[in-house]
Amino acid sequence: QDAARQRIASAAAPGVLGEIGKDIGKVAMWTAATTAIFGTIHAIKTAVQTYAEFETVTMQLARTGTHFGTGMAAQISGAKEVSSGLMDLKVQYGETGDAAFKAAMQFARMGQDQGQVLTSTKAAMTMAVLTGESSDEAAKHLAATMGHFRLSADQAMGVVEQLNYLQNTTRTSADQLLQAV
């Protein structure tokens, strides 16, 4: 009788294991399908949010960037150039949020054109990496220094390099140096 029971159990085992294998396959297939669907939905949401952020930044820059061109159409065109450049800089520096935008607004308020705004913002973002500040805080310090010494956007990165040099060769932090200026 035991031998007969073992033969019956052996004969049934492949069927049961086969059914479990099919069920595991179905679960894997549903998991992959669900991941693909929700991943696509997340990607679409992210794209819409990025587009909305781009448009908001562009319009605010167009209103602030009076040196982007003559007339609203030219200002919007210049603002789109800055917004696009900001998105590239954010990727390059691994920055999220609106600190880069706030930095750009700081320089646009100084009367810089779109190329100068991007140059100064890049310098501010570099300064932020070196000092541990946010980009908008670094931009405030950099803009104040540029205004005080009447420096151009092309000289902004030189200020950052000098600040970094002094910070690395003295016992003075970048924040202390900026406060002294």
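Look above for the structure.
Just so you know, these numbers come straight off a predicted model, no measurement behind them. (Residues numbered from 1 in each chain as written. Predicted model: local features only at pLDDT ≥ 70, side-chain atom pairs only at ≥ 80, totals over all residues. Heavy atoms only, no water.)

**Q** What exactly am I supposed to notice about the overall build of the protein chain here?
**A** Counting its regular elements, the protein chain contains seven helices and zero strands. Overall, the protein chain shows an N-to-C arrangement of helices and strands of α-α-α-α-α-α-α. A buried classification covers 29% of the 181 residues belonging to the protein chain. Put simply, of all contacts in the protein chain between residues at least 6 apart along the chain, 59% involve residues at least 24 apart. (Helix = DSSP H or I, 4+ residues; strand = E, 2+ residues; numbered from the N terminus. Buried < 20%, exposed > 50% of the residue type's maximum accessible area, 1.4 Å probe, protein only. Contact = heavy atoms within 4.5 Å.)

**Q** Help me understand the environment of Val57, please; the structure alone is not making it clear to me.
**A** Mapped onto the fold, Val57 is located in helix α1 (residues 2-64). Expressed as a C-alpha distance, the spacing of Val57 and Asp98, which sit 41 residues apart in the sequence, is 9.0 Å. With residues near it in sequence (within four places) discarded, Val57 still touches Ser83, Leu86 and Phe101.

**Q** Mind showing me how you'd approach the nonpolar core here?
**A** What tends to happen in soluble globular proteins is that the nonpolar side chains get buried as a cluster. In terms of nonpolar packing, the biggest core is built from 34 residues, with Leu61, Val82, Leu86, Phe107 and Leu142 touching the most fellow members. At the level of secondary structure, the elements contributing two or more residues to this core comprise α1, α2 (72-93), α3 (99-109), α4 (114-131), α5 (135-149), α6 (156-169) and α7 (174-180). Those residues in contact with Val82, other than ones at most four positions away along the chain, are Leu61, Phe68, Ala104, Gln114, Val117 and Leu118. (Core = buried A, V, L, I, M, F, W, Y, C linked by side-chain atoms within 4.5 Å.)

**Q** Help me out: how do you make sense of a nonpolar patch on the surface in this one?
**A** Residues Ile37, Phe38 and Ile41 make up a contiguous nonpolar surface patch of roughly 300 Å² in combined accessible area. Here Phe38 lies in helix α1. (Patch = residues over 30% accessible without salt bridge, like charges linked within 9 Å, V, L, I, M, F, W, Y side chains within 5 Å. Areas by Shrake-Rupley, 256 points an atom, 1.4 Å probe, with all protein chains shown as cover. Salt bridge = Lys/Arg side-chain N within 4 Å of Asp/Glu carboxyl O.)

**Q** Would you mind showing me how to read the side chain of Ser135 here?
**A** Mapped onto the elements, Ser135 comes out in helix α5. Given the relative accessible area of 2%, Ser135 is considered buried. Discounting chain neighbours no more than four positions away, the residues touching Ser135 are Glu95, Ala99, Ala100, Ala103, Ala124, Met125 and Ala128.

**Q** Help me understand α6, please; the structure alone is not making it clear to me.
**A** Because the α-helix completes a turn every 3.6 residues, residues three or four places apart line up on one side. Given a rise of 1.5 Å per residue, 14 residues ought to cover 20 Å, and the 20 Å separating the end C-alpha atoms of α6 matches this to within 8%. Residues Ala156, Val159, Val160 and Leu163 constitute the buried set of α6. Projected down its long axis, α6 shows its buried positions confined to an angular sector of 100°, all on one face. Seen from the buried face of α6, the exposed residues on the opposite side, beyond 90 degrees, are Glu161, Tyr165 and Asn168. (Expected span 1.5 Å × (residues − 1). Arc of directions from axis to C-beta.)

**Q** Got a minute to help me understand the packing of α4 against α5 in this structure?
**A** Each pair of packed helices can be summarised by the angle the axes make with each other and by the distance between the axes. Contact pair α4 / α5: the axes reach a minimum separation of 8 Å and the direction vectors enclose 120°. Relative to α5, the element α4 lies oblique. For the element pair α4 and α5, the recorded crossing hand is right-handed. Contacts between α4 and α5 pair Ser120, Ala123, Ala124, Met125, Met127 and Ala128 from the former with Ser135, Ala138, Ala139, His141, Leu142 and Met146 from the latter. (Axes fitted to C-alpha atoms, helices over the stretch in contact; angles between N-to-C directions. Parallel < 35°, antiparallel > 145°, perpendicular 65-115°, else oblique. Left-handed = near helix turned anticlockwise from the far one by under 90°.)

**Q** Would you take a moment to explain the pattern of salt bridges for this structure?
**A** Pairing of side chains with opposite charge becomes possible as their charged atoms draw close. Evaluation of the coordinates by the stated rule reveals two salt bridges. A salt bridge links Lys102 to Asp98; its shortest N-O distance comes to 3.9 Å. A residue is classified by how much of its surface remains accessible, and Asp98, at 41% relative accessible area, is partly exposed. We note a salt bridge from Lys140 to Glu137, for which the minimum N-O separation is 3.4 Å. With Lys140 and Glu137 both in helix α5 and three residues apart, the pair spans about one turn of that helix.

Such coordinate-based values are descriptive only and should not be taken to indicate function.
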